[in-house]
Amino acid sequence: MVNKMNNMKRKSREENIYESDRLQQKTQQTFVLAYPCHYAHGSVGAILTKFQKSDLKIIEMRCMDVTRNFAQKHVRNIGWDPEAYEDNVPYGNWANYIASNPVVAMIVEGKGARDKVHELISEKQHPFWRDEGATGYTSSSPDQAKIDIGTWFRSIDLEKEMRNSKRVVSVLPDNVHGPVHEIEQTFRNIYEDVTKLPPLVFHMCVLLINPLAFQRCCAGQVLDAIQANCSSIRGIKLVRKADYPSNLWPTHSAPSDYGIAVVVCDLKPSLTITHENPDSKYINYIKGEFIIGSNYIHQSEPGKEVLEHATKIFKSGFSVWAYLNGFDLGGYISEVSLVGLVE
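If you're wondering where the values come from, they're calculated on a predicted model, not measured in any experiment.

What counts and how
Residues numbered from 1 in each chain as written. Predicted model: local features only at pLDDT ≥ 70, side-chain atom pairs only at ≥ 80, totals over all residues. Heavy atoms only, no water. Axes fitted to C-alpha atoms, helices over the stretch in contact; angles between N-to-C directions. Helix = DSSP H or I, 4+ residues; strand = E, 2+ residues; numbered from the N terminus. Parallel < 35°, antiparallel > 145°, perpendicular 65-115°, else oblique. Contact = heavy atoms within 4.5 Å. Nonpolar A, V, L, I, M, F, W, Y, C, P; charged D, E, K, R; others polar. Buried < 20%, exposed > 50% of the residue type's maximum accessible area, 1.4 Å probe, protein only. Pairing = 2+ DSSP bridges. Core = buried A, V, L, I, M, F, W, Y, C linked by side-chain atoms within 4.5 Å. Domains from an automatic or database assignment. Salt bridge = Lys/Arg side-chain N within 4 Å of Asp/Glu carboxyl O. Phe/Tyr/Trp six-rings, centres within 6.5 Å; stacked < 30°, edge-to-face > 60°.

In this section: the packing of helix H3 (residues 44-53) against helix H11 (residues 219-227). Following both chains from N to C, one finds H3 and H11 inclined at 175 degrees, their axes separated by 7 Å at the closest point. Considering the angle they form, H3 stands roughly antiparallel to H11. Here H3 contributes Val-44, Gly-45, Ala-46, Leu-48, Thr-49 and Gln-52 to the contact with H11, which in turn contributes Ala-219, Gly-220, Gln-221, Leu-223, Asp-224 and Gln-227. Class assignment for the residues of the contact of H3 with H11 results in five nonpolar, six polar and one charged.

With that settled, the discussion passes to the pairing of strand E10 (residues 230-240). Residues in a regular strand point their side chains to alternate faces of the sheet. Of all eleven residues in E10, nine are buried, a share of seventy percent or more. With nine bridges joining them, E10 and strand E11 (residues 258-267) adopt antiparallel strand pairing. By the bridge assignment, Val-239 is partnered in E11 with Gly-259.

Further remarks concern the side chain of Gln-72. The residue Gln-72 is located in helix H4 (residues 68-77) in this model. Classification of Gln-72 as buried rests on a relative accessible area of 9%. Beyond its immediate sequence surroundings of up to four residues, Gln-72 is in contact with Pro-82, Glu-83 and Ala-95.

The sheet built from three strands is open, its strands ordered E12-E14-E13 with mixed pairing. Of all the strands in the sheet, just strand E12 (271-274) and strand E13 (281-284) have a single pairing partner and so form its edges. Recorded for the sheet is a direction-independent mean angle of 20 degrees between the axes of neighbouring strands. By the bridge criterion, four bridges tie E13 to strand E14 (residues 289-293) in an arrangement that is antiparallel. Following the sheet pairing, Tyr-282 is matched in E14 by Ile-291. Strands E12, E13 and E14 of the sheet are contacted by H11, whose axis makes an angle of about 55 degrees with E13.

Further remarks concern the nonpolar core. By size, the foremost hydrophobic cluster in this structure holds 43 residues, and its most contacted members are Phe-51, Met-61, Met-106, Ile-209, Ile-226, Ile-260 and Val-262. It is H11 that provides the largest number of residues to this core, a total of five residues. There are two domains that each give this core at least three residues, and those are domain 1 (24-153) and domain 2 (204-336). Residues in contact with Ile-226, not counting those within four places in the same chain, are Leu-207, Ile-209, Ile-233, Val-262, Val-264, Leu-271 and Ile-297.

A word on the pattern of salt bridges. The final tally for this structure, using the stated rule, is three salt bridges. Two residues, Glu-83 and Arg-68, come together in a salt bridge whose shortest N-O distance is 3.4 Å. Within this pair, whereas Glu-83 is found in the loop between H4 and helix H5 (94-98), its partner Arg-68 is found in helix H4, the two being separated by 15 residues in sequence. Overall, the relative accessible area of 31% leaves Arg-68 in the partly exposed class. Notably, a salt bridge pairs Asp-243 with Arg-240, separated by 3.1 Å at the nearest N-O pair. By relative accessible area, which is 28% here, Arg-240 ends up partly exposed.

With that settled, consider the packing of aromatic side chains. Overall, the coordinates contain eleven aromatic pairs when judged by the stated rule. Seen from their ring centres, Phe-31 and Phe-153 are 6.4 Å apart, and the 75 degrees between their planes marks the pair as edge-to-face. One end of the pair, Phe-31, is in strand E1 (residues 27-34); the other, Phe-153, is in the loop between helix H7 (142-152) and helix H8 (158-164), and 122 residues separate them in sequence. No difference in accessibility class separates Phe-31 from Phe-153, as the two residues are buried. Judged by centre distance (5.3 Å) and plane angle (45 degrees), the rings of Trp-80 and Trp-94 are tilted. Highlighted residues: Trp-80 in the loop between H4 and H5 and Trp-94 in helix H5, separated in sequence by 14 residues. We classify Trp-80 as partly exposed; its relative accessible area is 36%. Grouped by ring-pair contacts, the aromatic residues Phe-31, Tyr-35, Phe-70, Trp-80, Trp-94, Tyr-97, Tyr-137, Trp-152 and Phe-153 constitute a single cluster.

For the rest of this paragraph, the subject is the environment of Ile-291. Residue placement: Ile-291 occurs in strand E14. Look at Ile-291 and you get partly exposed, because its relative accessible area is 33%. For the pair Ile-291 and Ser-270, spaced 21 residues apart in sequence, the C-alpha to C-alpha distance is 8.3 Å. Among residues more than four places away in sequence, those in contact with Ile-291 are Thr-272, Thr-274, Ser-280, Lys-281 and Tyr-282.

With an omega dihedral of 5 degrees, the bond running from His-126 to Pro-127 counts as a cis peptide bond. As for its position among the elements, Pro-127 is in the loop between helix H6 (113-122) and strand E4 (129-130). Despite not being glycine, Tyr-91 shows a phi value in the positive range, around 65 degrees.

Next comes the structure, spelled out in structure tokens:
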């Protein structure tokens, strides 16, 4: 009897090991949310680098700024109490923290992706861990991943949302959309004329991290270099050439190739994009020298060209959301205002 029980236990352990190995070989998708600290500290690229080194592929990525209501929905979906006070969480609880600054949502794919991401976070090392704890969230199961992906990457009719929005004004090359009349005076005080380009646009440019950076597993390094050399990131999105045609793509790139579109404000001259040595990449944080070849990254001109690229890559253009009671305006070039902010 004892031998029979031992044999059954051994068989059960072997089956568990087999099941674990089988799952490791299976291509999976999971959801990852990088908390606001990554946006603030410029460490989104470090996450990409870790994933690339672990043979994981990011198939969707968006930089988002969401309302507290949207953050509460996410917290509730994952089984946490959105109102609970947490000593070690900035702003007192998870919903407040997630809504405090931009977050980066990702769909990660690869063999054993779910276990690999959990392992990276559990190692308690940069960039997935800081003194106050984990710096990101990942889905706990396949079912939870479906819920999370549905919440953060749902399909949105951008034009319809803009037309019906009571809160978001979108400045595109052809027109200004949204509740202009309700906030017209506040808007004019800042931009003088809503029919003209917002002055902030002239301090911005669109950068496209090219497919070569993915092929050579350095997309994260390039993104880190961009974040280190601008006053702020105004949008990050993973894009496919077939879906977002633009002259920023290399001429030899295929329609199926992926890149990362980044909108930055006040790009510093310390970042040099060289056409003379298009395959070169020299990044030295100590010396403050960043030389990246044009085969890795392309840059738009400031001004109207920024908006032209914004309409192709970031469908909402220059989005400004208004806090009507406080007469306050803010905005990013990205789709952030359409995920949780359009009400």
